[in-house]
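Each chain, letter by letter, is given below.
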Amino acid sequence: MTVVKWNVRAGAYYDSVVLMQLQRGLLGLSGVVDAGVVMATPANRELLAANNLLPESITANPDDLLIVVKAENDQAANDAIGQVDELLLRRKSSNSPNSLDFRPRSLSGAVKQLPEANWVLISVPGRFAAGVAREALDLGKHVFLYSDNVSLEDEIALKGSAGEKGLLVMGPDCGTAIINGIGLGFANRVRRGSIGVVGASGTGTQAVTAQIHNLGAGISHAIGTGGRDLKSEVGAITAHLALDALARDDETKVIVLISKPPSPDVATSIISAAQGTGKPVVVFFIGYPPPARKIGNLQFAISLSEAAEIAVRKLETLRIEDAEILHSSNSRFVRGLFSGGTLAYETLLGLQSFLSPIYSNSPITNSQILSDPLRSKAHTIIDLGDEFFMVGRLHPMIDNDLRIRRMKQEAADAEVGMILFDVVLGEGSHMDPAGELVPVINEIRKTRIGELEFVAMVIGTDDDPQNLQSQVSQLQAAGVTVFRTAAEAVEHISLRLSTSKKDDFTPVNLDQLKQPLAAINVGLESFYDSLISQGAQAVHVEWKPPASGNEKMAALLAKMKGKKGN
Amino acid sequence: MDIDQANTTAVNRLMEARPILKAVATARDVIPGMKDNLFLHAGPPIEWARMSGPLKGAIIGAMLFEGVAASEAEATAMVERGEVEFDSCHHHGAVGPMAGVTSASMKVYVVENAEHGNKSFSNLNEGYGKVLRYGAYSDEVLKKLYWMNDVLGVALADALAASNGVDMRALMSEALHMGDEGHNRNKAGSLLYLKLISPLIAKTMKDSAAMSEVLQFIGDNALSVLNPVMAACKAMTDAAHGVEGSTIVTTMARNGTDFGIRVSGLGEKQWFTAPAEIPVGLFFSGFSQADANPDIGDSAITETAGIGGFAMATAPAIVTFVGGTPKDAMNATLEMYEITFAESKYFTMPSLDFRGTPTGIDIRKVVELGITPRINTGIAHKNAGVGQVGAGLVRPPLAIFEEALVAFAEKYKI
């Protein structure tokens, strides 16, 4: 035998949805057989009547709340009616918290949610990563691409289009970056500061940034490039963009450049670009023989920790001159006319780190072979003492005739901006080489259009028969820049000439780099958590493979993106 | 023309359509192709044998209403002898909630798209309880239908004839700002409708007792406006159909057995169907999930046009259908932005800083993300004649979007 109890609450309006939930709550109580909770409109009363839930004695108006409970016994019915307020209250309290923020499933959805995001972190499986990265670039976002197993073709294509748009693609396989004090991927908590890092090695970047912090300094930005960036095929697109950005960034005073051994041609262009920053740059190419310890604004480290130490020291002793080193750069070619083979070789060895392409008749690598020793091209270092020139001639240390003719030949080439030569004194050599060369230099100066710099390295001692001092004075009087060692000459040249200034990319917008970091994370949720715990704004994309992994559908969709419909 | 361009054209046609409620008239006089033995129903076309309980019941009821049969048995026998024809409302510019059954003598709303000139139709809303649209056909149900045809319908017809029509887009926009989503919750919209129509009724009706009855009926029924809203949405989505190369969905409809969609760049009568799912939701007193019929009705035309479940964020009162909290309602709308091509220019939501509702379902995005549209819906009892038993949420099967995508690729040789 069941009992029916009811409760009428005059003028208590609730929405029908709230009431249906209350009704569900009542039905869940023990001993309750059926329940009806409605505003007592005629239609609702009819509905209750149809379910035998409307006792005849009830009087209620359409504006009244009517609660009817059918239960197994009096006790259960009364208990249920007694719990109405609690159930309504429970509903209210469960209303606010616990609900998650919306997680978009697509990148475009995430961008709508966080339009100020400038960065997209991608850590989805490699075969999908390039597609997501392409979409991010199309949306105008910088990319931190943690995913590995992205093909070299995709990397080149992504970085190519990023370079056109002035966007950074850090990666693929980029583990570490710090932008505006926020670590992306794997990164240490380091203080903000004035040292910028360009790192083609994630753990290398971590080691250096952590050490910089431990030495009391801090990081402006640490920009990762991915391990393959400095390979010839990729051409260090990201490293160039990053160096250029850090060069223009006022907060960055010193730059550290870290990579595993780069391709030689890429090393040249990136070292040259590092010089072009005009800021102190500490270079550590793991396992790559540095051309010197220090050349102008560049300093070559021999370990990660030393790179950090040098950078911090540099910051402490930074003087204004450092920043002005390169302002008078000469963008034309150098032609070196040497009488001594080893001097030519040492000079070439030093210059090849900065100048590319560079040729010689006594090359170090096959790519440097000058096909016709009589005709220089690009940067050229000629050993005039080579057998090729010696047939029927005196050695150039005795006879300057060949060198004088070649000097005129080089000067006639408008692309040449600098002529380098050696003057080797001592027993057996010509008694007054400067006396023969200076008139030629003066003569060239009269007719030459455009700047032409002469640089000489004078090798000799105070006791040599030629009078070292007089040789140097004669040359200097003719406006020749004179050095006493090849190393000094190399440093000077490298600072004056910048052949591979990359201008085939659009510079990164610095304002974007300086904005408080806001990012969209696609993939590993831990990266999102880490962004949030660092106080960055972030949206996590609930990513799934396109078409839930249905390859036929995914292929169709790929074809339909921007495809002609007719 | 590429797909994105085609879609831009399609959604612009959808959004710029200006549905004006112009008239109430008799179905056979206004619905193209309407005839005495033709019974229109909701959803994709379906034959008698596969019809669900509520749809069969509604057809029997309509045959009784038309007087072509005198009893359920006679009606069934006539159907089985093939003396009766069925067709989808959508093939005739019409829509109807739940069973959506519309017969030749029924009064229907006539909505005209002032922008593109197409017309759409919908029957009149009967209110709650035992009603034809849920398959009920008792004498009481038929009596109400006759009153609706002869008194209510005539009153509305005269009232509208004395006006320039009711701008449905403006009405829907306003209702969205008042807590309606235009599908499951139409309280504000129905009151706005009453506000607009009552002075006209007062102007044309002579009998004050009948007038009182008519106004009471419109005012008591929180769904009064649903049918003209559906017709308005139909006028909008029809305007977007037939754009070459467009992947925008122009119809989502269910007949209680199958869920069907149509796509703008594909054929007029090209449906993609799969078995309809059973909605999950809240139930009226005395009913439970076990009573629920598979999804039924043309009312998903509201979602197709960018309101209903897509505008959940603006209707906090019905959040329970999607899980309980206002944030969930917000999330429901945010999720729909993921699969739509545009945001409405005219339907905006205060709670999302007046952002436009997600508009124009793109089958590419549905398939790519695996997110199917959310549909707020009433739940019919699986047996004919019982009526509405609850309200809840349902989604179409993903497979029909995949089939549509494949058909699209075939047609356009992609």
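As shown above, the structure is provided for reference.
Residue numbers restart at each chain and count upward from 1, following the sequence in its written direction. Note on labels: chains are lettered from A, ligands numbered from 1, in written order. With the structure being a predicted model, the display of local features is reserved for residues of pLDDT at least 70 and the display and counting of side-chain atom pairs for 80 or more, all residues being used for whole-chain, interface and lining totals. Remark: hydrogens and water are excluded; side-chain values derive from all non-hydrogen atoms of the structure.

S.K.: In this structure, what is going on with the overall build of chain A? I would like to understand it.
M.R.: A run of DSSP states H or I qualifies as a helix once it reaches four residues; a run of E qualifies as a strand once it reaches two. Both are numbered from the N-terminal end. Helix and strand counts for chain A come out as 21 helices and 22 strands. In this description the radius of gyration comes from C-alpha coordinates, and the expected globular size is given by 2.2 Å times residues to the power 0.38. For chain A, the C-alpha radius of gyration of 38 Å lies well beyond 24 Å, the compact-globule estimate for 566 residues. Burial status across chain A gives 53% buried among its 566 residues. Long-range contacts, defined here as pairs at least 24 residues apart, represent 70% of the contacts in chain A between residues at least 6 apart. Computed with the Shrake-Rupley method and a 1.4 Å probe, the accessible areas treat only the protein chains shown as cover for residues. When the accessible surface of chain A is totalled, it reaches about 24300 Å², and 51% of it is carbon and sulfur. Charge assignment in this entry is limited to Lys and Arg as positive and Asp and Glu as negative, and neither His nor the chain termini are counted. Here the site of a charge means atom NZ of a Lys, CZ of an Arg, CG of an Asp or CD of a Glu. Computing the positive centroid from 53 side-chain charges and the negative centroid from 63, chain A places the two 5 Å apart. With a 1.4 Å probe rolled over the protein chains alone, any residue whose accessible area is under 20% of its type maximum counts as buried; one over 50% counts as exposed, and the rest are partly exposed. Here a residue-residue contact requires only that any non-hydrogen atoms of the pair lie within 4.5 Å.

S.K.: Please explain the interface of chain B and chain A as it appears in this structure.
M.R.: Opposite the 44 residues of chain B that make contact, chain A presents 43 residues. Accessible surface is computed with a 1.4 Å probe, and the buried area is the amount of it that two parts give up when combined, taken over both parts together. Its largest share of buried area at the contact with chain A, chain B owes to Ser285, Glu368 and Ile414 of chain B, together 17% of the area lost on that side. Just to be clear on terms, a salt bridge is a Lys or Arg side-chain nitrogen sitting within 4 Å of an Asp or Glu carboxyl oxygen. Where chain B touches chain A, the interface holds one salt bridge. As a salt-bridge pair, Lys112 of chain A and Glu343 of chain B come within 3.9 Å of each other at their nearest N and O atoms. Polar contact criterion, stated in full: a pair of N or O atoms within 3.5 Å, where within protein one must be able to donate a hydrogen and the other to accept it, and residues adjacent in sequence count only if both atoms are side-chain atoms. At the surface where chain B touches chain A, the tally comes to nine residue pairs in polar contact (both at pLDDT 80 or more). Breaking the side of chain B that touches chain A down by element, the ones donating at least two residues are strand 11 (280–283), helix 11 (326–337), helix 12 (363–369) and helix 13 (398–411) of chain B. Top element by residues in the side of chain B that touches chain A is helix 11 of chain B. It accounts for seven residues.

S.K.: Explain empty space enclosed by the protein to me, please; I cannot follow it from the model alone.
M.R.: Gaps left between atoms are located by rolling a probe of water-molecule size over the structure's atoms. Residues and elements named next belong to chain B. Definitions used throughout: a 1 Å grid over protein atoms alone; a cavity as a set of points that fits a 1.4 Å probe which cannot get out; a pocket as an open set with protein on both sides within 12 Å along at least five of seven lines; a lining residue as one with an atom within 4 Å of a point. Grid points are joined across faces, edges and corners, and a volume is the space filled by probe spheres set on the points. On inspection of all chains with the given rule, the structure shows five cavities of 30 Å³ or more. Counted as a void, the largest cavity has a volume near 160 Å³. Mapped by element, the contributors of at least two residues to the lining of the largest cavity are helix 3 (53–66) and helix 5 (139–161). Ranked by the residues each element gives to the lining of the largest cavity, the list is headed by helix 5, at three residues. All residues other than Ala, Val, Leu, Ile, Met, Phe, Trp, Tyr, Cys, Pro, Asp, Glu, Lys and Arg, Gly among them, are scored as polar; the first ten of these are nonpolar and the last four charged. For the lining of the largest cavity, a count of residues per class yields 10 nonpolar, five polar and three charged. Lining the second largest cavity we find Tyr109, Leu124, Asn125, Leu152, Leu156, Tyr193, Phe217, Ile218 and Ser224. Those elements that provide at least two residues to the lining of the second largest cavity are helix 5 and helix 8 (208–220).

S.K.: What is the right way to read the environment of Gln352 of chain A from this model?
M.R.: Residue and element names in this part refer to chain A. With respect to the helices and strands, Gln352 occurs in the loop between helix 13 (341–351) and strand 16 (358–360). C-alpha separation for the pair Gln352 and Pro264, spaced 88 residues apart in sequence, amounts to 8.8 Å. Residues within four places of Gln352 in sequence aside, it is in contact with Thr268, Ile358, Ile364 and Gln368. Engagement of the side chain of Gln352 in a polar contact is seen with the side chain of Gln368, the distance being 2.7 Å.

S.K.: In this structure, what is going on with the layout of surface pockets? I would like to understand it.
M.R.: When its volume is computed, the second largest pocket comes out at roughly 1200 Å³. Along the wall of the second largest pocket there are 39 residues; nearest its centre are Gly131, Glu135, Pro546 and Lys561 of chain A together with Glu368 of chain B. Contributing elements (two or more residues each) for the lining of the second largest pocket: helix 5 (107–113), helix 6 (126–138) and helix 21 (551–560) of chain A together with strand 13 (340–349) and helix 12 of chain B. Top contributing element to the lining of the second largest pocket by residue count: helix 6 of chain A, with eight residues. Considering only residue class, the lining of the second largest pocket consists of 15 nonpolar, eight polar and 16 charged.

S.K.: Is there a simple way to explain the packing of aromatic side chains in this structure?
M.R.: Two descriptors summarise a pair of aromatic rings, namely the distance from one centre to the other and the angle between the planes of the rings. All names here are of chain A. Aromatic pairs are defined between Phe, Tyr and Trp rings, using the six-membered ring for Trp, whenever the two ring centres lie within 6.5 Å; interplanar angles under 30 degrees are classed as stacked, those over 60 as edge-to-face, and all others as tilted. Applying the stated criterion to the full structure yields 10 aromatic pairs over all chains. Ring centres 5.0 Å apart and planes at 90 degrees place the aromatic pair Phe388 and Phe389 in the edge-to-face group. Using a relative accessible area of 3% as the deciding quantity, one classes Phe389 as buried. Each residue in the set Tyr146, Phe186 and Phe527 is aromatic and connected to the rest through ring pairs, giving one cluster. By the criterion adopted, a ring carries a charge over it if an Arg CZ or a Lys NZ lies within 6 Å of its centre and within 35 degrees of its normal. One Lys or Arg, Lys377, reaches over the ring of Tyr359 and ends 4.5 Å from the middle of that ring.

S.K.: When you look at the pattern of salt bridges in this model, what are you seeing that I'm missing?
M.R.: When the charged atoms of two side chains lie near each other, side chains of opposite charge can form a pair. Residue and element names in this part refer to chain A. Counting across every chain of the model gives 40 salt bridges over all chains. In this structure, Asp249 and Lys514 form a salt bridge, with 3.7 Å as the shortest nitrogen-oxygen distance. Linking Asp249 in the loop between helix 9 (237–248) and strand 11 (254–259) with Lys514 in helix 19 (residues 510–514), this pair joins segments that are 265 residues apart in sequence. Residue Lys514 is classed as partly exposed on the basis of its relative accessible area, which comes to 33%. The salt bridge involving Asp422 is made with Arg403; its shortest N-O contact spans 2.5 Å. One end of the pair, Asp422, is in strand 18 (residues 416–424); the other, Arg403, is in helix 15 (residues 401–411), with 19 residues separating them in the sequence. Arg403 matches Asp422 in its accessibility class, with the two residues each being buried. Overlapping salt bridges, with partners in common, bring together Glu155, Lys159, Arg228 and Asp229 in one network.

S.K.: When you look at the sheet that holds strand 5 (residues 142–145) of chain A in this model, what are you seeing that I'm missing?
M.R.: The strands making up a sheet associate through backbone hydrogen bonding, with each pair oriented either parallel or antiparallel. All names here are of chain A. For two strands to count as paired, DSSP must find a minimum of two bridges between them. Taken in spatial order, the five strands of this open sheet run 6-5-4-21-22, and their pairing is parallel. Lying at the two open borders of the sheet, with one neighbouring strand each, are strand 6 (169–170) and strand 22 (537–541). Bridge analysis of strand 21 (residues 518–522) against strand 22 gives five bridges, and the strand direction is parallel. Within strand 22, the residue paired with Asn521 across the bridge is His540. Between N-to-C directions, angles span 0 to 180 degrees; the directions come from axes that are lines fitted to C-alpha atoms, helices contributing only their stretch in contact. Strand contacts of helix 20 (residues 525–533): strand 4 (119–122), strand 21 and strand 22, with the helix running at about 165 degrees to strand 22, the strand carrying the most contacts.

S.K.: I would appreciate a short explanation of the sheet that holds strand 6 (residues 119–123) of chain B in the present structure.
M.R.: Residue and element names in this part refer to chain B. The strand order across the open sheet built from five strands is 4-6-5-1-7, with neighbouring strands paired in mixed fashion. Edge positions in the sheet fall to strand 4 (94–95) and strand 7 (166–167), since each of these pairs with one other strand and no more. Summarising the sheet, strand 5 (residues 107–113) and strand 6 pair through five bridges and their orientation is antiparallel. Residue pairing across strands places Val111 opposite Ser120, the latter belonging to strand 6.

S.K.: Before we go on, may I ask you to explain the packing of helix 5 of chain B against helix 8 of chain B in this structure?
M.R.: Angle between the axes and distance between the axes: these two values describe a pair of packed helices. All names here are of chain B. Running from N to C, helix 5 and helix 8 cross one another at 105 degrees; their axes reach a closest spacing of 10 Å. As the angle between them shows, helix 5 and helix 8 are arranged roughly perpendicular. For the pair helix 5 and helix 8, contact is made by Lys144, Trp147, Met148, Val151, Leu152, Ala155 and Leu156 and by Ala210, Glu213, Val214, Phe217 and Ile218, respectively. Partitioned by chemical class, the residues of the contact of helix 5 with helix 8 number 10 nonpolar, no polar and two charged. Throughout, the term roughly parallel applies to angles under 35 degrees, roughly antiparallel to angles over 145, roughly perpendicular to angles from 65 to 115, and oblique to all others.

S.K.: When you look at the state of the cysteines in this model, what are you seeing that I'm missing?
M.R.: Here a disulfide denotes one covalent bond, and it connects the sulfur atoms of two cysteines. Residues and elements named next belong to chain B. We call a pair of cysteine sulfur atoms a disulfide when they lie within 2.5 Å. Inspection of every chain in the model, using the stated rule, returns zero disulfides over all chains. Cys89 forms no disulfide, and the closest cysteine sulfur to it belongs to Cys233, at a distance of 15 Å. Cys89 gets classed as buried once you look at its relative accessible area, which sits at 0%. Look at Cys233 and you get buried, because its relative accessible area is 0%.

S.K.: Got a minute to help me understand the packing of helix 21 of chain A against helix 13 of chain B in this structure?
M.R.: Contact pair helix 21 of chain A / helix 13 of chain B: the axes reach a minimum separation of 11 Å and the direction vectors enclose 50 degrees. Here helix 13 of chain B runs oblique to helix 21 of chain A, going by the angle between their axes. Relative to helix 13 of chain B, helix 21 of chain A is oriented so that their crossing is left-handed. For the pair helix 21 of chain A and helix 13 of chain B, contact is made by Lys552, Met553, Leu556, Leu557 and Met560 of chain A and by Glu402, Leu405, Val406, Phe408 and Ala409 of chain B, respectively. In this scheme the handedness of a crossing depends on how the near helix is turned from the far one: anticlockwise by less than a right angle means left-handed, clockwise means right-handed.

S.K.: Quick question: what am I supposed to make of unusual backbone geometry here?
M.R.: The phi angle of most residues is negative, glycine excepted, and most peptide bonds adopt the trans form. Looking along the chain, the bond that leaves Gly171 of chain A and enters Pro172 of chain A is cis, with omega of 5 degrees. Its location among the elements puts Pro172 of chain A in the loop between strand 6 and strand 7 (176–179). A cis amide bond links Ser356 of chain A to the next residue, Pro357 of chain A, at an omega of -5 degrees. The topology assignment puts Pro357 of chain A in the loop between helix 13 and strand 16. Positive phi values are uncommon outside glycine, yet Asn149 of chain A reaches one of about 60 degrees. As for its placement among the helices and strands, Asn149 of chain A is situated in the loop between strand 5 and helix 7 (152–165). The backbone of Lys413 of chain B shows a phi angle near 50 degrees, a positive value even though the residue is not glycine.

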